Number of protein chains: 2
Amino acid sequence: MESLTAGQFALVYNAFSFGIATFGAATLFFWFGRSQVSHHYKTAMTITGLVTFIAFYHYWRIFSSWGETYEVANGVVTATGIEFNRAYRYVDWLLTVPLLLIELILVMRLSQAETVSRSLKLGGAAALMILLGYPGEVSAGIDSTRLLFGALSMIPFLYIVYSLYSSLGEAIARQHESVRSLIRLARNLTVVAWFFYPVVYFLPFVIRMNGGTAIAVIEVGYTIADITAKAVFGLVIFAIAVRKSEVEGLKA
Amino acid sequence: MESLTAGQFALVYNAFSFGIATFGAATLFFWFGRSQVSHHYKTAMTITGLVTFIAFYHYWRIFSSWGETYEVANGVVTATGIEFNRAYRYVDWLLTVPLLLIELILVMRLSQAETVSRSLKLGGAAALMILLGYPGEVSAGIDSTRLLFGALSMIPFLYIVYSLYSSLGEAIARQHESVRSLIRLARNLTVVAWFFYPVVYFLPFVIRMNGGTAIAVIEVGYTIADITAKAVFGLVIFAIAVRKSEVEGLKA
């Protein structure tokens, strides 16, 4: 493995610590927010906080694993032989990615039947997408395995993106006008942030990935994508829940 | 002991970490859910969260024990000589399995006398089942002990399954129609998930169990069975409690 510079090591280290702080703070913000929304949106806020809580836990683990992978002394970084556990990200996504889609569905307050059916379809597709990505990610160096599972994983990914714009797009159009553009923003944010993940997944086919620069870009990039898809997305969900609680309260 | 591949070690490691995150998140979800159900169902939600909280604690211990059992350096897994503590699972089940049955009984909101009597019978049988399984599990290599205690443990197991379909089945038939199928789902989920445990228990009589593949299948399988029996089951209990709170609220 090509070695990292001390600056690259520290950048990733600090990005992970930033992730821990951001997700911990976001979790508390969302759970305090439960008391500010009507009872229809409490489950959405609980889950929004759970997503960042689960990410908080995994960034803690990732941060520890990163610290065990390298030793830094007198400005020189050497690998310890312990492997950096990239798979924590997959464990995280397996739980959080379905929940993120369920957050969006819950805050729309569709009928019970529609909520259950959309949650199962989109949540199930999301879990399948992550499960299919895992064997490719851990097959270090075996290009054909990575390519095969990456391609399989893209099928549920594209199904989700398609659903978010086709049938869910129609459901969004039926939402109250005061929140319609916020819900579209939440949906677009998800899709834009999510496109970072397949790009990184397929990057090894384009450039050598064991260089220090590549590692730093990927780990910092993942951290930014995770924060966007979970914490920033959660803020939009909170704003929607607050706005809808107000509008519906006035009607009642 | 036949050694594990790095991929098998990592799969089990990640499955245990997944367990920690899932049970931690589920616990908070259930305890937040207490505020969303009527006071009749708050104890059921407290216990639903306690079950996943106890599992969260034990998966933390199991994860640590697994990490101490093997050393991974440069892609090679070697046993450290420290034994993996399988018995944590029994300690967990001794507490959680009776509580799972009590959850189901509480959410049915039977008469006080029936609640107490069913909880004592089913909870007692569940505790007995686990206590009888333990000597067999720790008698590593002594087949006759494993077989004897396994067979004894099956008696309360079959009693529980029988009760869930006979006398509890009749009690389910008296539940409000809006929740009847959900309660049946909870009961069936329990029975289906629970059948995984005796299968694994008796597996050493069929195949050699110290191979890496067998270990990985069993540990990942236990994790999936535990998540189904505790977290997914708990979600169904929550759904029942919410539905019954709504229905009974309208009547009152």
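Provided above is the structure to which this section pertains.
This text gives an overview of the structure that appears in the document. (Residues numbered from 1 in each chain as written. Chains lettered and ligands numbered in written order. Predicted model: local features only at pLDDT ≥ 70, side-chain atom pairs only at ≥ 80, totals over all residues. Heavy atoms only, no water.)

Our next topic: the overall build of chain A. A tally of regular secondary structure across chain A gives 9 helices and 2 strands. Helices and strands in chain A line up, N terminus first, as α-α-β-β-α-α-α-α-α-α-α. Relative to the 2.2 N^0.38 estimate, which gives 18 Å for 252 residues, the radius of gyration of chain A is 20 Å and therefore close to what a compact globule would have. With the principal axes as the frame, chain A shows a C-alpha extent of 65 × 35 × 20 Å. By the burial criterion, 54% of the 252 residues in chain A qualify as buried. Sequence-distant contacts in chain A: of pairs separated by 6 or more residues, those separated by 24 or more amount to 77%. (Helix = DSSP H or I, 4+ residues; strand = E, 2+ residues; numbered from the N terminus. Rg over C-alpha atoms; globule rule 2.2 N^0.38 Å. Buried < 20%, exposed > 50% of the residue type's maximum accessible area, 1.4 Å probe, protein only. Contact = heavy atoms within 4.5 Å.)

A few words on the relation of the copies chain A and chain B. With an RMSD of 0.1 Å, chain A superimposes on chain B once it is rotated by 70° and translated 0.1 Å along the axis. Put plainly, the chains are arranged around a five-fold axis. Relative to the rotation axis, the closest C-alpha in chain A is found at serine 35 of chain A, a distance of 9.4 Å. (Least-squares fit on C-alpha atoms with pLDDT ≥ 70 in both.)

This part is about the interface of chain A and chain B. For an interface, size is often stated in terms of accessible area lost upon the parts coming together. Across the boundary between the two partners, chain A contributes 22 residues, which contact 22 residues of chain B. Of the roughly 1,900 Å² buried where chain A meets chain B, counting both sides, 65% is carbon and sulfur surface. Taken together, the connections running from chain A to chain B amount to 0 salt bridges. For the interface between chain A and chain B, the tally reads 8 residue pairs in polar contact (both at pLDDT 80 or more). Here the element with the most residues in the side of chain A that touches chain B is helix α2 (residues 42-69) of chain A; it accounts for 10 residues. Of the residues in the side of chain A that touches chain B, the class split is 13 nonpolar, 6 polar and 3 charged. (Buried area = accessible area lost by both parts, 1.4 Å probe. Salt bridge = Lys/Arg side-chain N within 4 Å of Asp/Glu carboxyl O. Polar contact = N/O pair within 3.5 Å; in protein donor to acceptor, adjacent residues only side chain to side chain. Nonpolar A, V, L, I, M, F, W, Y, C, P; charged D, E, K, R; others polar.)

Residue and element names in this part refer to chain B. Summed over the entire model, instances satisfying the criterion amount to 16 salt bridges over all chains. One salt bridge connects arginine 89 with aspartate 226, and the closest N-O pair in it is separated by 3.4 Å. Taken together, the residues span a long stretch of sequence, with arginine 89 in helix α3 (residues 88-108) and aspartate 226 in helix α9 (residues 212-251) at a distance of 137 residues. With respect to class, arginine 89 is no different from aspartate 226; both count as buried. One salt bridge in this structure joins aspartate 226 and lysine 230, with 3.8 Å as the shortest N-O distance.

The next subject is a nonpolar patch on the surface. Residue and element names in this part refer to chain A. Taken together, Leu147, Phe205, Val206 and Ile207 make up a surface patch of nonpolar side chains, about 360 Å² in accessible area. Mapped onto the secondary structure, valine 206 falls in the loop between α8 (196-202) and α9 (212-251). By relative accessible area, valine 206 is classed as exposed at 66%. (Patch = residues over 30% accessible without salt bridge, like charges linked within 9 Å, V, L, I, M, F, W, Y side chains within 5 Å. Areas by Shrake-Rupley, 256 points an atom, 1.4 Å probe, with all protein chains shown as cover.)

This part is about the pairing of strand β1 (residues 70-73) of chain B. Residues in a regular strand point their side chains to alternate faces of the sheet. Residues and elements named next belong to chain B. Relative to strand β2 (residues 76-79), β1 runs antiparallel, the two sharing 4 bridges. When the sheet's bridge partners are listed, glutamate 71 is paired in β2 with threonine 78. If you look at the hairpin formed by β1 and β2, you'll find 2 residues sitting between the two strands, and asparagine 74 has a positive phi there, around 50°. (Pairing = 2+ DSSP bridges.)

Let us look at the packing of helix α3 (residues 88-108) of chain A against helix α1 (residues 6-33) of chain B. In the contact formed by α3 of chain A and α1 of chain B, the axes pass within 10 Å of each other and the chain directions differ by 40°. The orientation of α3 of chain A relative to α1 of chain B falls into the category oblique. Crossing of α3 of chain A over α1 of chain B shows right-handed handedness. Contacts between α3 of chain A and α1 of chain B involve Tyr88, Val91, Leu94 and Leu95 of chain A on the former and, on the latter, Tyr13, Asn14, Ser17, Phe18, Ala21 and Thr22 of chain B. Looking at side-chain class alone, the contact of α3 of chain A with α1 of chain B contains 7 nonpolar, 3 polar and no charged residues. (Axes fitted to C-alpha atoms, helices over the stretch in contact; angles between N-to-C directions. Parallel < 35°, antiparallel > 145°, perpendicular 65-115°, else oblique. Left-handed = near helix turned anticlockwise from the far one by under 90°.)

Trp66, Ile160 and Trp194 of chain A together with Trp66, Ile160 and Trp194 of chain B are the most contacted members of the largest nonpolar core, which totals 163 residues. For this core, the element with the highest residue contribution is α9 of chain B, accounting for 16 residues. Sequence-distant contacts of isoleucine 160 of chain A, that is, excluding residues within four places in its chain, are made with Leu101, Leu122, Ala125, Ala126, Met129 and Trp194 of chain A. (Core = buried A, V, L, I, M, F, W, Y, C linked by side-chain atoms within 4.5 Å.)

On to the packing of α3 of chain B against helix α4 (residues 112-138) of chain B. All names here are of chain B. Orientation of α3 relative to α4, taken along the N-to-C sense of each, is 160°, at an axis distance of 9 Å. Taken together, α3 and α4 sit at an angle that is classed as roughly antiparallel. The chirality of how α3 crosses α4 is right-handed. Residue composition of the contact of α3 with α4, grouped by class: 16 nonpolar, 4 polar and 2 charged.

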